[in-house]
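# Descriptive structure summary
Now for the letters of each chain:
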Amino acid sequence: MTSKQRAYLKGLAMNIEPVFQIGKSGLTPEITEAVLEAFNTRELIKLAVLKNCLEDPKEIAAVIAERTHSQVVQVIGKKIVLYKENKDHKKINLPL
């Protein structure tokens, strides 16, 4: 992913609300499954890491991206933005 594409996705992510919240139990298999299912209907997903979660948001983002085969767009504070291209229902056209 180029920096231009990442900047474009960051702009799109500013206007969306977090779809999932990661709490004190941390990253569970259920959250990973839910994120995978969400990628069936959307390409850009925002997650919120709650204050009671002891894990590092950057580590959580890396693990989720690896497990879901997606890309980390950004991690700002306790917000994570992930992107995964949907081959069947492409909605986001990235700049070249």
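Here's what I pulled together on the structure shown here. (Residues numbered from 1 in each chain as written. Predicted model: local features only at pLDDT ≥ 70, side-chain atom pairs only at ≥ 80, totals over all residues. Heavy atoms only, no water.)

### Quick word on the overall build of the protein chain
- Secondary structure summary: the protein chain contains three helices and four strands in total.
- Element order for the protein chain, N to C, with α for helix and β for strand: α-β-α-β-α-β-β.
- Taken over 96 residues, the protein chain has a buried fraction of 39%.
- Taking as baseline every contact in the protein chain between residues at least 6 positions apart, the subset at least 24 positions apart corresponds to 69%.
- Summed over all atoms, the accessible surface of the protein chain reaches about 6000 Å², with 52% contributed by carbon and sulfur.
- Separation between the mean location of the 15 positive side-chain charges and that of the 11 negative ones in the protein chain comes to 8 Å. (Helix = DSSP H or I, 4+ residues; strand = E, 2+ residues; numbered from the N terminus. Buried < 20%, exposed > 50% of the residue type's maximum accessible area, 1.4 Å probe, protein only. Contact = heavy atoms within 4.5 Å. Areas by Shrake-Rupley, 256 points an atom, 1.4 Å probe, with all protein chains shown as cover. Lys, Arg positive; Asp, Glu negative; His and termini not counted. Charge placed at Lys NZ, Arg CZ, Asp CG, Glu CD.)

### Section: the sheet that holds strand β1 (residues 20-22)
- Strand order in the open sheet formed by four strands is β1-β2-β4-β3, and the pairing between neighbours is mixed. Two strands bound the open sheet, and with one partner strand each, they are β1 and β3 (71-76). Shown here is a sheet whose adjacent strand axes are inclined to one another by a mean of 25°, direction ignored.
- Pairing of β3 with strand β4 (residues 79-83), which is carried by five bridges, proceeds in the antiparallel orientation. By the bridge assignment for β4, Q74 is matched with V81. (Pairing = 2+ DSSP bridges. Axes fitted to C-alpha atoms, helices over the stretch in contact; angles between N-to-C directions.)

### Quick look at unusual backbone geometry
- Here H69, not a glycine, exhibits a phi torsion of approximately 60°, which is positive.
- When you line up the elements, H69 lands in the loop between α3 (57-68) and β3.

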